[in-house]
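Listed below are the residues making up each chain.
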Amino acid sequence: MKVFKTGAVAAAVVALALTATACGGSSTSGKAEGGETGGAKKDKVVIGIKFDQPGVGLKTPEGTFTGFDVDVATYVAKELGYQPDQIEFKQAISAQRETLIANGDVKFIVASYSITDKRKEKVDFAGPYFLAHQDLLVRADESTITKAEDLNKKKLCSVTGSTSAQNVKKTLAPEADLLELQGYSECLTGLENKTVDALTTDNSILAGFAAQEKNKGKFKLTGLSLSNENYGIGLKKGDKELQTKINAALKKMASDGAWEAAVTKNFGPAGYKSEPAPQITEGS
Ligand code: GLU
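Residues numbered from 1 in each chain as written. Predicted model: local features only at pLDDT ≥ 70, side-chain atom pairs only at ≥ 80, totals over all residues. Heavy atoms only, no water.

### As for the nonpolar core
This is how it is decided: Residues belong to one nonpolar core when they are buried, are Ala, Val, Leu, Ile, Met, Phe, Trp, Tyr or Cys, and are joined through side-chain atoms within 4.5 Å. Burial classes follow relative accessibility: with a 1.4 Å probe on protein chains only, a residue under 20% of its type's maximum area counts as buried, one over 50% as exposed, and anything between as partly exposed. Here, residues are in contact when the closest pair of their heavy atoms is within 4.5 Å.
I47, F108, F130, I233 and I246 are the most contacted members of the largest nonpolar core, which totals 50 residues. Setting aside residues up to four positions removed in sequence, I246 forms contacts with V76, L80, F108, A126, I233 and L235.

So this is what it looks like as structure tokens:
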């Protein structure tokens, strides 16, 4: 009998733990419950970002977050009434972004997320807040890849669910031997090990990788501008109120100098010259 009771308690504990894991600490609204502060419950906001893109969205070994998208997310959250300590950053890999939003795992996503009609079938965007262009990263001694067509028959790496991979398959170099991985950092390892000949995605992301201390002198950008990538903040389809509030925050960020400061801080060290802040087009 005693044994049975212990077993039942253990089963209940396991069941509770499983429930907690399944919830992932967030409710369907992308709001997680925070701790108690002075007796009042402190809400948290869950925001999706990239964890492996230096200059854009990066989780450091110390567990802190840096990058332009992190600064944009933090600014927008503040305008929505959340202080930095109320933000929970969640990794949003390219292929998972629409799903994370639709499932309510995040309130919004700031993750080098290009606004496209296809994505707008599933999610809405605020913005755009940044304009990047697709480019190629090759090894420093590479001389045979200088334009998109040169990629045909070459081994090229990009990320599943990204516009970069789609553009290659559809138009840029349909004959390229395209390897699609989960994240750009995995592609970079392939480029270094010579298992791939080039890595393609937005120049904003590639510049950050090329400038990393451990990569200095190893890679170069070709400087091609193969597409326009307008970064938007992804949010639940139909949430007009949130879209309007985020658009207002982005406008304010561009006009009060915080946008420019974030560009200089995050892209300056990589020598990346960004385009000016784009006009807001979503939701109007
Ligand atoms: N901006 C492109 C996209 O949204 C490429 C970068 C990325 O995968 O995050 O697909």
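Picking up after the structure, the text goes on.
### A word on the site of the ligand
The cut-off we apply is this: Nearness of a residue to a molecule or strand requires only that one of the residue's heavy atoms be within 4 Å of it. All accessibility values rest on the Shrake-Rupley procedure with a 1.4 Å probe; residue burial counts only the protein chains present in the view. Secondary structure elements follow DSSP: runs of H or I no shorter than four residues count as helices, runs of E no shorter than two count as strands, and numbering proceeds from the N terminus. Under the scheme applied here, ten amino acids are nonpolar (Ala, Val, Leu, Ile, Met, Phe, Trp, Tyr, Cys and Pro), four are charged (Asp, Glu, Lys and Arg), and all others, including Gly, are polar.
The ligand sits among 17 residues. The nearest are K50, S94, S112, Y184 and D202. Against a free-state accessible area of 280 Å², the protein chains account for coverage of 100% of the ligand. Going through the elements one at a time, α4 (163-172), β12 (198-202) and β14 (229-236) are the ones with two or more residues in the shell around the ligand. In terms of residue class, the shell around the ligand is made up of 5 nonpolar, 7 polar and 5 charged.

### Quick notes on helix α2 (residues 68-79)
Heads up, the condition is: Expected span, for any helix, means 1.5 Å times one less than how many residues it has.
Taking 1.5 Å of rise per residue, the 12 residues of α2 would be expected to cover 16 Å, and the 17 Å separating its terminal C-alpha atoms lies within 8% of that figure. Within α2, 9 of the 12 residues are buried, leaving the element largely enclosed by the surrounding structure. For α2, the set of buried residues is F68, D69, V70, D71, V72, A73, Y75, V76 and A77. Immediately downstream of α2, the backbone of G81 shows phi near 100°, a positive value.

### A word on the sheet that holds strand β5 (residues 65-66)
Here is the rule we go by: Strands are treated as partners if at least two bridges between them are detected by DSSP.
Overall, antiparallel pairing links the 3 strands, which are arranged β3-β4-β5 in an open sheet. In the strand order of this sheet, the two ends are held by β3 (52-53) and β5, each with one partner. Note: β3 against strand β4 (residues 57-59), 2 bridges, orientation antiparallel. From the neighbouring strand, D52 faces β4, where its bridge partner is L58.

### Looking at the confidence of the model for the protein chain
Test applied: pLDDT: the predictor's confidence for each residue, scored from 0 to 100.
Averaged over every residue, the pLDDT of the protein chain is 89; the share at 70 or more is 85%. Of the regions scoring below 50 in pLDDT, residues 34-39 engages in 9 contacts with residues more than four places distant in sequence or in other chains.

### Digging into the environment of L226
Position of L226 among the secondary structure elements: in the loop between β13 (219-221) and β14. The class for L226 is partly exposed, based on a relative accessible area of 22%. Between the C-alpha atoms of L226 and V168, which are 58 residues apart in sequence, the distance is 9.6 Å. With sequence-adjacent residues up to four places away left out, L226 is seen in contact with Q134, D135, L136, A148 and L172.

### Let's talk about the environment of G55
Tracing the chain through its elements places G55 in the loop between β3 and β4. Among the residues examined, G55 registers a relative accessible area of 17% and is labelled buried. Sequence separation between G55 and P269 is 214 residues, and the spatial gap between their C-alpha atoms is 8.7 Å. Setting aside anything within four residues of it in sequence, one finds G55 in contact with G67, F68, N266 and F267.

### Details of the state of the cysteines
For clarity, the cut-off: Sulfur atoms of two cysteines make up a disulfide when they are within 2.5 Å.
A full pass over the atoms with the stated rule returns 1 disulfide. The residue that forms a disulfide with C157 is C187, at a sulfur-sulfur distance of 2.1 Å. Between C157 and C187, the S-S torsion sits near -70°, and that sign places the bridge as left-handed. Taken together, the positions of C157 in strand β10 (residues 155-159) and C187 in helix α5 (residues 184-192) put the pair 30 residues apart, joining distant regions of the chain. C187 matches C157 in its accessibility class, with the two residues each being buried.

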